[in-house]
Amino acid sequence: MGQLYANIIVDISQEKLDRTFSYLVPETMQNLIHIGDVVEVPFGKGNRLTKGYVVELTGTTQYQISKMKPVQEILVGTDQTTGEDRLIALAAWMRNTYGSTMIQALKTVIPIKKKIRQKERKTLILLLSDAEAEEKLRFYAKKNQKARYRLLEALLEEKEIPYELAVGKLNLSASVIRTMAEQGILKTESVLVYRNPLHQKHQGAYNIALNEEQRKVVDGIWNDKVHRTSLLHGVTGSGKTEVYMELIARTVAQQRQAIVLIPEISLTYQTVMRFYRRFGERISIIHSRLSAGEKYDQFQRAQNGDIDIMIGPRSALFTPFSRLGLIIIDEEHEPSYKSETTPRYHARETAIERAKLEGAKVVLGSATPSLEAYYRAKQGKYALYTMTKRARGSALPDVEIVDMREELRNGNRSVISQSLKEAMTEKLQAKEQMMLFLNRRGYAGFLSCRSCGHVVMCPHCDVSLSVHNHGRMVCHYCGYEAKKPVVCPKCGSTFISTFGTGTQQVEQVVKKMFPEAGVLRMDMDTTREKDGHEKILAAFQNQEADILIGTQMIVKGHDFPNVTLVGILAADLSLYAQDYKAGERTFQLLTQAAGRAGRGEKSGNVIIQSYDPEHYCITAASRQDYCGFYEEEMSYRMLAGYPPAVYMMSLHGTGKDEAHLQTAMDYLVKMMQRMPESARIRVLGPTAESIGKIQDEYRKVIYIKGEDLQILTGIKNKLEKYIKMNEGYRTVQIQFDLEN
Ligand SMILES: Nc1ncnc2c1ncn2[C@@H]1O[C@H](COP(=O)(O)OP(=O)(O)OP(=O)(O)O)[C@@H](O)[C@H]1O
Ligand SMILES: [Zn+2]
Ligand SMILES: [Zn+2]
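Residues numbered from 1 in each chain as written. Chains lettered and ligands numbered in written order. Predicted model: local features only at pLDDT ≥ 70, side-chain atom pairs only at ≥ 80, totals over all residues. Heavy atoms only, no water.

Undergrad: Help me out: how do you make sense of the pairing of strand β23 (residues 519-522) in this one?
TA: Side-chain positions along a regular strand alternate between the two faces of the sheet. Residues Val519 and Arg521 of β23 are buried on one face, and the alternating residues Leu520 and Met522, pointing to the opposite face, are buried as well. As judged from the 4 bridges shared by β23 and strand β24 (residues 547-550), these two strands associate in the parallel manner. If you follow Met522 over to β24, its bridge partner there is Gly550. (Buried < 20%, exposed > 50% of the residue type's maximum accessible area, 1.4 Å probe, protein only. Helix = DSSP H or I, 4+ residues; strand = E, 2+ residues; numbered from the N terminus. Pairing = 2+ DSSP bridges.)

Here is the structure:
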């Protein structure tokens, strides 16, 4: 056997040491060492023994062998069956694809192992037979020993009760329990429990049988030997979740495991219970409100084989299952699948890479697939499945577009059009429920002067301040707060007022219009408290209100059978955002919002109010015509050279000194122009970001487009190296972002 070298990260918590160091692997260790092992190596001055992480094993090295030191010892070996080595390989892929340090990538993939205190659960167990216990009970009654009586009575009934319950609900002191234990009446037993965020036991018989369309999809995906990834394009309410569950059941039956990614906002009690009812305690969930310890516990349970299915948002993708067989990404088009922090990975691409390493399948599901996914499906890279019918047989809703310009001409200045008002009246009479959806982005109320047009801005960011209740103005980017001025700060005019309508104003209008109706509002303000949005959804589900008013939050994947009307108050606003995906986002929002109507027995109506009613995104959404939208949008992307027609990487620069940032960014562009690959790419910028300053930091961006992802990755690697070495980049931060 030739010499083996181990490339080792010396300290995962030390960002400064983000590089691998090469060590010799002693011959006796060659068959024992694995990627992922924690080893001890001599390091630094005096060759102090230091812990390190094996990230690569190789037969070649660029270093001088005589100067290399050997690995001393394997401290914690990774058992190859746990798959930790594959997660490390995934981290390496993420580092290379998205740009980050190896340590950042490792931390994303493997939660830092903190020492955690495991909770013990104490249980009280009855040691007496029933007859003995009853004798004893009479004795306590006679002696008037009430506490002992209560406990023994409960134990006689249950045989075993949790310690906390005994102390809490039966109101007993620890000394009573101790005495009874000493007398041999009961014993306490401790079991180590991992904190389980799902508390109730709810597994029952599962009795939904797949329909023809669903069964075809399940069989198709299951038997496909060619494609690793499948895209399931199913209209809203077509029963995609049932398809996922059947695929999971088959996976688990083969002793393999499944990960289900669901956007955080859709991770409601209702959704989780659907899975729980079918799979019971073999499931765990993670979400952003779990503490680091709780999250770690859940990963530990996965590694121990206590669960087979993990449900959660983006980061659940890194659940350390050792025999991962299936990854499902529901609502695949959701922007939240893209990480906002370095490495800025996309869960879709990363899932496909992980599945490749694990030999698993990936299923992407959506009623409104991302252009990327649909494009790749059409290219044949993914298998494409379509479900066109709603599972419960109801029809897709009737959609009406209301031209709000006409409404104005007819003298209606309200946010509620005449048509919508009539429809609401009708549904209220029929005791049916409705949702009013407001596109938040265009509606944040800002303060402006009617005399000179001045808009009150944040002094630290390039954004307008939002007016809140109690006469305060707040910056949503940095938290800056100020009192609302009574005169224009620029010209002194008193004609200064709030523009735009928020959910609060809509709520007021609706309450005035329909004083009898029960109204719920769901937005950032009403959902701030823990489980706030779940409470509102539960109340609406229980039909405690007729009307639910909300922002984006209310359109995601909810299933309310009694909702027969959805009103979309201003459909176009997000179209004006400076983003090539604005049209796609608008189409998705409208289609998903419309999809909340008429899911039960009764048919549904949707009213879309728009100032731009002929826009293809709006007309296509009103027809629920994904394919029509796709063709139109894709031809625009082809023409303008945007993904998925090309690959695009952006380079985001931030810095306090604007001129210095400009120079630093200009230089990167020059470097790219001098590279031999420059003919295969297009470089745009640097230009100011759409918000050019946040928290007194200037922000600029460079876009690089090209047809070959490898070339873009190569360029990124060269620039990364240069930025790391060069003094001029110490005071600016440059981040890479692969658009997808
Ligand atoms: N085969 C079936 N038989 C009876 N009911 C079904 C069947 N499949 C699904 N359903 C029911 O139809 C409703 C919609 O299904 P589901 O929520 O899975 O759809 P979906 O495609 O995920 O919808 P969306 O994309 O709008 O969230 C649910 O109430 C579900 O229980
Ligand atoms: Zn600010
Ligand atoms: Zn003014």
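Undergrad: Honestly, the coordination of the zinc ion (ligand 2) in this entry has me stumped. Any pointers?
TA: Six octahedral donors around a metal ideally sit at 90 or 180 degrees from one another, while four tetrahedral donors ideally sit at 109.5 degrees. Note on the zinc ion (ligand 2): its protein donors are Cys458 (SG), Cys461 (SG), Cys475 (SG) and Cys478 (SG). The metal-donor distances range over 2.3 to 2.4 Å. Taken together, the 4 donor atoms coordinating the zinc ion (ligand 2) span angles of 107 to 112° at the metal, a pattern that classifies the geometry as tetrahedral. Every donor residue of the zinc ion (ligand 2) comes from the same chain, spaced as C-x2-C-x13-C-x2-C. Of this pair, Cys461 sits in the loop between β18 (446-449) and β19 (466-467) while Cys478 sits in the loop between β20 (472-474) and β21 (481-483); the two residues are 17 residues apart in sequence, bridging distant segments of the chain. The class for Cys461 is buried, based on a relative accessible area of 1%. (Donors = N, O, S within 2.8 Å, 3.2 Å for Na, K, Ca; no water. Tetrahedral: all angles 85-135°; square planar, octahedral: opposite > 155°, others 65-115°.)

Undergrad: What am I meant to see in the site of ligand 1 here?
TA: In the vicinity of ligand 1 there are 21 residues, among which Ala209, Lys240, Arg274, Asp559 and Arg599 approach most closely. Here an oxygen atom of ligand 1 sits 3.0 Å away from a polar atom, N or O, in the main chain of Gly237. Protein contacts shield 87% of the accessible area of ligand 1, which totals 640 Å² for the unbound molecule. With 3 residues, the top contributor of residues to the shell around ligand 1 is helix α8 (residues 240-253). Per-class residue counts for the shell around ligand 1 are 5 nonpolar, 8 polar and 8 charged. When we break the shell around ligand 1 down by domain, the ones giving at least three residues each are domain 3 (212-387) and domain 4 (398-443 + 499-636). (Near = heavy atom within 4 Å. Polar contact = N/O pair within 3.5 Å; in protein donor to acceptor, adjacent residues only side chain to side chain. Areas by Shrake-Rupley, 256 points an atom, 1.4 Å probe, with all protein chains shown as cover. Nonpolar A, V, L, I, M, F, W, Y, C, P; charged D, E, K, R; others polar. Domains from an automatic or database assignment.)

Undergrad: What is the right way to look at the UniProt feature "binding site: Zn(2+) 1" (unreviewed entry) in the chain in this model?
TA: The feature "binding site: Zn(2+) 1" (unreviewed entry), as annotated in UniProt, sits at Cys449, Cys452, Cys488 and Cys491 in this numbering. Look at the named residues: they lie 43 residues apart in sequence, but the longest C-alpha span between them is just 8.6 Å, so in the fold they bunch up. Along the polypeptide, Cys452 turns up in the loop between β18 and β19. We classify Cys452 as partly exposed; its relative accessible area is 33%. Among all residues touching Cys452, those that are not within four sequence positions of it are Cys488, Lys490 and Cys491. Mapped onto the elements of the fold, Cys491 is located in the loop between β21 and β22 (496-499). Judged by its relative accessible area of 41%, Cys491 is partly exposed. Those residues in contact with Cys491, other than ones at most four positions away along the chain, are Cys449, Ser451 and Cys452. (UniProt positions renumbered as here; feature names shortened; annotations may be inferred. Contact = heavy atoms within 4.5 Å.)

Undergrad: Sorry, what's going on with empty space enclosed by the protein here?
TA: By rolling a water-sized probe across the atoms, one finds the places where empty space is left. Evaluation of the coordinates by the stated rule reveals 2 cavities of 30 Å³ or more. Empty space within the second largest cavity amounts to approximately 30 Å³. Lining of the second largest cavity is provided by Met435, Phe437, Ile554, Val555, Val566, Ala593 and Arg596. (1 Å grid on protein atoms, 1.4 Å probe; cavity = no way out; pocket = protein on both sides within 12 Å on 5 of 7 lines; lining within 4 Å. Points joined across faces, edges and corners; volume = space filled by probe spheres on them.)

Undergrad: Explain the pattern of salt bridges to me, please; I cannot follow it from the model alone.
TA: A side chain of one charge can pair with a side chain of the opposite charge if their charged atoms are brought near each other. A complete count under the given rule lists 33 salt bridges for this structure. With a closest N to O distance of 3.0 Å, Glu242 and Arg274 form a salt bridge. Here Glu242 is found in helix α8, whereas its partner Arg274 is found in helix α9 (residues 269-279), with 32 residues between them in sequence. With relative accessibility at 27%, the residue Arg274 sits in the partly exposed group. For Arg409, the salt bridge identified is with Glu406, shortest N-O distance 3.4 Å. Of this pair, Arg409 and Glu406 both sit in helix α13 (residues 404-409), 3 residues apart, roughly one helical turn. Shared partners join several salt bridges into a network, and the residues in it are Asp219, Glu246, Arg250 and Arg278. (Salt bridge = Lys/Arg side-chain N within 4 Å of Asp/Glu carboxyl O.)

Undergrad: What exactly am I supposed to notice about the packing of helix α4 (residues 146-158) against helix α6 (residues 174-182) here?
TA: Angle between the axes and distance between the axes are the two parameters that describe a pair of packed helices. Contact geometry for α4 and α6: axes closest at 10 Å, N-to-C directions at 65°. Taken together, the axes of α4 and α6 lie roughly perpendicular to each other. Helix-helix and strand crossings are classified by hand; for α4 and α6 the assignment is right-handed. The residues of α6 that touch α4, namely those facing Ala147, Arg148, Leu151 and Leu152, are Val176, Ile177, Thr179 and Met180. Here the contact of α4 with α6 is composed, by residue class, of 6 nonpolar, 1 polar and 1 charged. (Axes fitted to C-alpha atoms, helices over the stretch in contact; angles between N-to-C directions. Parallel < 35°, antiparallel > 145°, perpendicular 65-115°, else oblique. Left-handed = near helix turned anticlockwise from the far one by under 90°.)

Undergrad: Explain the packing of helix α17 (residues 582-594) against helix α19 (residues 626-640) to me, please; I cannot follow it from the model alone.
TA: Closest axis-to-axis distance for the α17/α19 pair is 11 Å, and the angle between their directions is 170°. As judged from the angle between their axes, α17 and α19 are roughly antiparallel. Residues Gly583, Glu584 and Phe587 of α17 form the contact with α19, whose participating residues are Tyr626, Phe629, Glu633 and Arg637. When its residues are assigned to classes, the contact of α17 with α19 shows 3 nonpolar, 1 polar and 3 charged.

Undergrad: How do you make sense of the packing of aromatic side chains when you look at a structure like this?
TA: How two aromatic rings sit relative to each other is given by the distance of their centres and the angle of their planes. Counting across every chain of the model gives 16 aromatic pairs. Ring centres of Tyr722 and Tyr729 lie 5.8 Å apart, and the angle between their planes is 75°; on these two criteria the pair is classed as edge-to-face. The buried category is assigned to Tyr729, whose relative accessible area is 7%. One aromatic cluster in this structure is built from Tyr374, Phe587, Tyr616, Tyr626, Phe629 and Tyr630. The cationic tip of Lys705 hangs over the ring face of Tyr642; the distance from NZ or CZ to the ring centre is 4.1 Å. (Phe/Tyr/Trp six-rings, centres within 6.5 Å; stacked < 30°, edge-to-face > 60°. Lys NZ or Arg CZ within 6 Å of the ring centre and 35° of its normal.)

Undergrad: Please explain α9 as it appears in this structure.
TA: Working note: α-helix, 3.6 residues per turn, so residues spaced by three or four point in the same direction. Looking at α9, one finds that the buried residues are Thr271, Val272, Met273, Phe275, Tyr276, Arg278 and Phe279. Those residues of α9 that are buried lie in contact with α8, β10 (257-261), β11 (283-285) and β12 (309-312). Taken from the residues just after α9, Gly280 is the one with a positive phi, measuring 55°.

Undergrad: Could you clarify how one ought to interpret the domain arrangement of the chain in this entry?
TA: As a measure of interface size, the accessible area lost when the parts come together is often cited. With domains assigned, the chain is organised as domain 1 (4-109), domain 2 (120-192), domain 3 (212-387), domain 4 (398-443 + 499-636) and domain 5 (647-739). Relative to domain 3, the C-alpha centre of domain 1 lies at a distance of 31 Å. The interface of domain 1 with domain 3 comprises 15 residues on the first partner and 16 residues on the second. A combined buried area of about 1,500 Å² lies between domain 1 and domain 3, and 67% of that area is made up of carbon and sulfur atoms. Contact with domain 3 buries area across many residues of domain 1, yet Arg86, Leu90 and Tyr98 alone supply 37% of it, more than any other trio. Where domain 1 meets domain 3, there are 1 salt bridge. Between Arg86 and Glu358 there is a salt bridge; the shortest N-O distance is 2.9 Å. The tally of links between domain 1 and domain 3 comes to 4 residue pairs in polar contact (both at pLDDT 80 or more). Residue assignment for the side of domain 1 that touches domain 3 shows that the elements contributing at least two residues are α1 (84-98) and α2 (102-109). (Buried area = accessible area lost by both parts, 1.4 Å probe.)

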